[in-house]
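Listed here are the chains, written in short residue letters.
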Amino acid sequence: MSAVYRFTTMTRQLTSHSRAYRMRHCSNNHINNLRKTFSPHFFSTSSSSTNIAFDRDMKRRQRNGAARSHRLAAVIDDGNETQQSHDLSSSSSSSSSPSSSSSSIVDYDYFYDEIAARLVDRLDDIRREGGFPLALEIGAGAGHVYRAICAEDGLEGVGGMGGIRKLVQLDSSEEMLYRDKDRKVKGAERCGAFQMVLDEEETLPFPDGTFDIVVSSLAFHRVNDLPNVMREIKRVLKQDGCIIFAMVGGSTLPELRSSLVLAEMERDGGVSPHVGPFVDLPDVGVLLTNAGFTLPTIDIDTVHISYPDAMVLMEHLQRMGEGNACVGRRKRVGRDTFVAAAAIYEHMFGLDEAGDDEGGVTASVQVIYGIAWTPHDSQPKPNERGSADHKIGDMVKHSKNS
């Protein structure tokens, strides 16, 4: 059964359905354990200390495995298409219509491609003379942002979208970065690309003030030391340079998190981290301002994706390279725990309860979009504190009298 993907933008936060369910079914001790396990501040906005939330080596191996799986599926798919073409050409029956030759291989890039397109669309809305000729992408993955940039000309007809003419793609997963190296990119003549394998948390090997813009799509959620990454990005940006990114937010996959927690409490008598942790919306602005950026702008989308069941959802996460890499994860989780989690998921978040005839379950992903600038004299600045000529109270009285 193929999954059905439906993307809708929400203008409000998710409801507290799953939290209310846990409050009804968990003891106070269990609730306190949940709070300690899933609600710590896994990063510090100061430069003094940073807690380690993710096993970066495990995450790299997961993404390398996902890249190998994608390449293998592509080879199998090409073989199937060749066999179908041979069967059709050798068929002697001319009265029957040919069978569909559409691919049966699931493309697990659907979410990355969608968010990359939305991010680049925001980039193309920025009016800037000359655009952003030289760009750096942090966590480039398989080149989703690059393909989106090359899809159309820039506003001034030069370069790709956003006026980008050269994109340096950086990623810690070599196999993911070079996964589609043999794939032809439509519009590649608009923007050149250079790949570099480097851990996103390391010092960037570029001089100060190198790039016009830094882009990142769905990569920051697997970084431990985000404050240092932000400082490095600011260092390599030119004056009046731009950072634009999309990252997974704190209200992501609450359905899966709740289902796994309840299943583990029932089967194993305790809980362990399976989803996240992710950065909350208020912390993003703090990260940007503490790193020295100005004029930060942040907005969010909540994307809902439907799947046949929770098992398919977990399979897709694995094939995307987004498996559990938390430091405190259990080395082994029993099959019965996953089966119980799938049953709880369907009971609590099944689409049939909302009157959907197709059935299945829904997964919610919060995506935080951010844009900020390095300081420059041309940017608008607030007046000095205490320099106001009028009191707000006087202005209110004036408006009432008028």
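Scroll up for the structure.
Below: a short report on this structure. (Residues numbered from 1 in each chain as written. Predicted model: local features only at pLDDT ≥ 70, side-chain atom pairs only at ≥ 80, totals over all residues. Heavy atoms only, no water.)

Right, let's get into the overall build of the protein chain. Along the backbone of the protein chain there are 12 helices and seven strands. The buried share among the 402 residues of the protein chain stands at 47%. Partitioning the intrachain contacts of the protein chain with sequence separation of at least 6 by distance along the chain shows that 85% fall at a separation of at least 24. Within the structure as shown, the protein chain displays about 21400 Å² of accessible surface, and the carbon and sulfur contribution to it stands at 50%. (Helix = DSSP H or I, 4+ residues; strand = E, 2+ residues; numbered from the N terminus. Buried < 20%, exposed > 50% of the residue type's maximum accessible area, 1.4 Å probe, protein only. Contact = heavy atoms within 4.5 Å. Areas by Shrake-Rupley, 256 points an atom, 1.4 Å probe, with all protein chains shown as cover.)

The next thing to look at is the sheet that holds strand β2 (residues 166–171). Spatial strand order, β3-β2-β1-β4-β5-β7-β6: seven strands in an open sheet with mixed pairing. The sheet terminates laterally at β3 (192–197) and β6 (294–307), the two strands that pair on one side only. Neighbouring strand axes in the sheet, compared pairwise and without regard to direction, differ in orientation by 15° on average. With seven bridges connecting them, strand β5 (residues 237–248) and strand β7 (residues 361–373) associate as antiparallel partners. Looking at β7, one finds that Ile 243 is bridged to Ala 372. (Pairing = 2+ DSSP bridges. Axes fitted to C-alpha atoms, helices over the stretch in contact; angles between N-to-C directions.)

This brings us to the packing of helix α8 (residues 254–267) against helix α11 (residues 335–349). It is at 8 Å that the axes of α8 and α11 come closest, and there the two elements cross at 130°. By the angle between their directions, the pair α8 and α11 is classed as oblique. Considering only the axes of α8 and α11, their crossing is right-handed. Contacts between α8 and α11 involve Glu 255, Leu 256, Ser 259, Leu 260, Leu 262, Ala 263, Glu 264, Glu 266 and Arg 267 from the first element and Asp 336, Thr 337, Phe 338, Ala 340, Ala 341, Ile 344, Tyr 345, Met 348 and Phe 349 from the second. A breakdown of the residues in the contact of α8 with α11 according to their chemical character gives 11 nonpolar, two polar and five charged. (Parallel < 35°, antiparallel > 145°, perpendicular 65-115°, else oblique. Left-handed = near helix turned anticlockwise from the far one by under 90°. Nonpolar A, V, L, I, M, F, W, Y, C, P; charged D, E, K, R; others polar.)

This part covers unusual backbone geometry. A cis geometry characterises the amide bond from Gly 276 onward to Pro 277, with omega recorded as 5°. With respect to the secondary-structure elements, Pro 277 resides in the loop between α8 and α9 (281–290). With phi around 60°, Asp 240 is a residue other than glycine that occupies positive phi space. For Asp 240, the position within the fold is in strand β5. Positive phi values are uncommon outside glycine, yet Leu 253 reaches one of about 50°. Along the chain, the position of Leu 253 falls in the loop between β5 and α8.

Here we take up α9. Since one α-helical turn is 3.6 residues long, residues separated by three or four positions face the same way. When α9 is considered as a whole, its buried residues turn out to be Val 284, Gly 285, Leu 287 and Leu 288. Within α9, the buried residues cover an arc of 160° as seen down the axis, which keeps them to one side. Buried residues belonging to α9 abut α7 (226–236), β5, β6 and β7. Gly 292 lies just past α9 and shows a positive phi near 100°. (Arc of directions from axis to C-beta.)

Let us now look at the environment of Val 215. Tracing the backbone through its elements, the reader meets Val 215 in strand β4 (residues 211–217). The class of Val 215 is buried, set by a relative accessible area of 3%. The spacing of Val 215 and Ile 138 is 77 residues in sequence and 6.4 Å in space, taken between C-alpha atoms. If we skip the residues at most four places from it in the chain, Val 215 touches Leu 119, Leu 136, Glu 137, Ile 138, Val 145 and Ile 244.

In this structure the tally under the stated criterion is two cavities of 30 Å³ or more. Looking at the largest cavity, it is lined by 22 residues, and the ones nearest its centre are Tyr 112, Gly 141, Ala 142, His 144 and Met 176. When contributions to the lining of the largest cavity are tallied by element, the ones reaching two or more residues are α3 (56–90), α4 (110–124) and α5 (144–150). Taken as a whole, the second largest cavity spans an internal volume of roughly 30 Å³. Here the lining of the second largest cavity is composed, by residue class, of no nonpolar, one polar and five charged. (1 Å grid on protein atoms, 1.4 Å probe; cavity = no way out; pocket = protein on both sides within 12 Å on 5 of 7 lines; lining within 4 Å. Points joined across faces, edges and corners; volume = space filled by probe spheres on them.)

Glancing now at the packing of helix α10 (residues 310–319) against α11. One way to put it is that α10 packs onto α11 with a least axis distance of 8 Å and a crossing angle of 115°. On α11, the residues touching Ala 310, Met 311, Leu 313 and Met 314 of α10 are Phe 338, Val 339, Ala 342 and Tyr 345. Here the contact of α10 with α11 is composed, by residue class, of eight nonpolar, no polar and no charged.

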